[in-house]
Structure formats: C-alpha cells, structure tokens
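In case you want the letters, here they are:
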Amino acid sequence: MIALKKNPHTSLTPELIAAMSRDILAKTLSLDSDPFVKLQRAAITAGLTELNEAFHRVQTSAFTATREQLDGQRDAIVIAIRLHIRAAIAQYMIDKTKADQAKVVNSIVKKLDSNVTNMSYDAESTQIHALLAASEKISGAVDESGSTLLFSALRTVQGKFDKVGIDKDASGEFTHNARPIRVIRGDITEAIDTLMSFLRSSAKHVPVKFDSVVIALNEMIDRFAANQQATETREETAKKVTELAAE
C-alpha cells in the first residue's frame, strides 16, 4: 500500500492551482469509471474552465484587473476591522471605554456574513454598504473604539470598487455573473481535497486499483512542493538583498 502525500495547494497561486488541476485530471483519468471520482473530476473541470475564463478577463481588461486588486484590499480591511474590534474588546482591563465602544461596533460587524470575503463581488458589496451605513449611525462608538481609520479606508476602497464596476458596466465588458478568482480557486481546492481524501482512503482498501494513480499523484505533489519551496527561497533571498542594500 502506498500512501498519498499531503497536497501543498493551500500555498499555491491561482495559476499553479490551474496547472495542478490539469495534472490531477490527467493522472486520474483511468479512474473516471468510479462514480465518486467522476463527480469530483467534473467539479475540478468546471472550476478550471471558469478559472481560465477569469484569467482571460483579467488579462484582457484593465477594469477587471483593477477590480481584483481593490477586492483584495477591501477583504484585507474587513479582516483588519474584525481583528481590531476583537482585540479592543479583549483588552477590557486596559481601556474599559474603548472596549465597551468596540462591543457596540461589533454589533454591526457581526451582521456581516462569516464568509463575506469569499462571496461574489455584488454580494460582498451589498454587505459592505450595509456595514458602512450602520457605522455612520454609531460614529461616536466607531471613533471611541479606535476603528475610524479602518472604516474610512473601507469606505474609500469600496467607493473605488463601485466606480470601476460602473465604468466597466458602461463599457459593455462587465459580466454580472462573473465570480472573483479567489472564490473560484476555493471551489477548485475543495474539489481537489475531496478527491484526494477519497483516493487516500480507497488506496488503503484497494491498492491494486489505486496505487499507480497514487504514485503519479505523489510525484506531482513533490514537484509542486519543490517549485513552491524554490519560489519561497528566491523571494527570501531577494528580500535579504534588498534589506542589505538599504543599510
């Protein structure tokens, strides 16, 4: 029995996820007669098709590329707001007033869907607009909680995001049903995880049927892990060189 190795996809870029998906589809083709494998391969195929279309949109449209960038910024700010509010509440013994006001702000932040940063553009925008409108009604608490700058930054980025959407809509390029790359990537990795888990379990019980596929997948996993490590090493080296040059 050969064990299937852990997949390093969580640290891979969307481009590498696409490459890995193609490899997985090729290496599991012989198992397509299995109903469960067939189902997960279909999910990966559908996700890969959508991801390739998203790549094309980004490459051919300045609007889409800018929107992707702004979407990442607003996601980061939403996460920062959540962390800031939690930290302020947790430090009750240091600043009671700030903690109490942070609880007030948290009452509106909690209304955001827990998965808001993985929603479609329009769905996330709707929730952010609701949050910003609610924050204006408790501006005093926002200020006392120390989160004014974060809410201001979110308002600015969301405004830019909305404008790009309006401009793109007017240009005729806008696709209302298009999903962000990060969301599509999440669906693909979920399908990959489900397939890998099934293969890992099945290989223990029917090694004759699955071992050759597991061997091929392990070779693929080693290759992607090595490439990821090499990339991280290059980035770390470049960072050190930059730091040394700045001294």
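Rules of the game
- Residues numbered from 1 in each chain as written.
- Predicted model: local features only at pLDDT ≥ 70, side-chain atom pairs only at ≥ 80, totals over all residues.
- Heavy atoms only, no water.
- Phe/Tyr/Trp six-rings, centres within 6.5 Å; stacked < 30°, edge-to-face > 60°.
- Helix = DSSP H or I, 4+ residues; strand = E, 2+ residues; numbered from the N terminus.
- Buried < 20%, exposed > 50% of the residue type's maximum accessible area, 1.4 Å probe, protein only.
- Lys NZ or Arg CZ within 6 Å of the ring centre and 35° of its normal.
- Expected span 1.5 Å × (residues − 1).
- Core = buried A, V, L, I, M, F, W, Y, C linked by side-chain atoms within 4.5 Å.
- Contact = heavy atoms within 4.5 Å.

## Brief notes about the packing of aromatic side chains
Then comes step 1: This model, assessed by the stated rule, comprises three aromatic pairs.
Then comes step 2: Taking the centre distance of 4.8 Å and the plane angle of 40° together, the rings of Phe36 and Phe198 count as tilted. With Phe36 in helix α2 (residues 35-60) and Phe198 in helix α8 (residues 181-205), the pair connects residues that are 162 residues apart, well separated along the chain.
Then comes step 3: Residue classification places Phe36 among the partly exposed residues on the basis of a relative accessible area of 32%.
Then comes step 4: What makes Phe198 partly exposed here is its relative accessible area of 22%.
Then comes step 5: On the numbers, 5.2 Å between centres and 75° between planes, the contact of Tyr121 with Phe161 is edge-to-face. On the criterion of sequence distance, the pair formed by Tyr121 in helix α5 (residues 121-137) and Phe161 in helix α7 (residues 148-171) is long-range, its members being 40 residues apart. For the pair shown, Tyr121 and Phe161 are each scored as buried.
Then comes step 6: Among the aromatic side chains, those forming a connected cluster through ring pairs are Phe36, Phe198 and Phe210.
Then comes step 7: The ring of Phe161 is capped by Arg74, whose NZ or CZ atom sits 3.8 Å from the centre of that ring.

## Let's talk about helix α1 (residues 14-27)
Then comes step 1: Here α1 spans 20 Å end to end across 14 residues, near enough to the 20 Å set by a 1.5 Å rise per residue.
Then comes step 2: Regarding α1, the residues found buried are Ile17, Ala18, Met20, Ser21, Asp23, Ile24 and Leu25.

## Considerations on the nonpolar core
Then comes step 1: In terms of nonpolar packing, the biggest core is built from 30 residues, with Ile24, Met196, Leu199, Leu217 and Met220 touching the most fellow members.
Then comes step 2: Going through the elements one at a time, α1, α2, α8 and α9 (207-246) are the ones with two or more residues in this core.
Then comes step 3: Of the residues forming this core, the biggest block, nine residues, is contributed by α8.
Then comes step 4: When residues no more than four places from it in sequence are discounted, the contact partners of Leu199 are Leu4, Thr28, Leu31, Val37, Phe210 and Leu217.
Then comes step 5: Within the second largest apolar cluster, 24 residues are counted, among which are Ile108, Val116, Ile128 and Leu131.

Shape descriptors only; they carry no functional weight alone.
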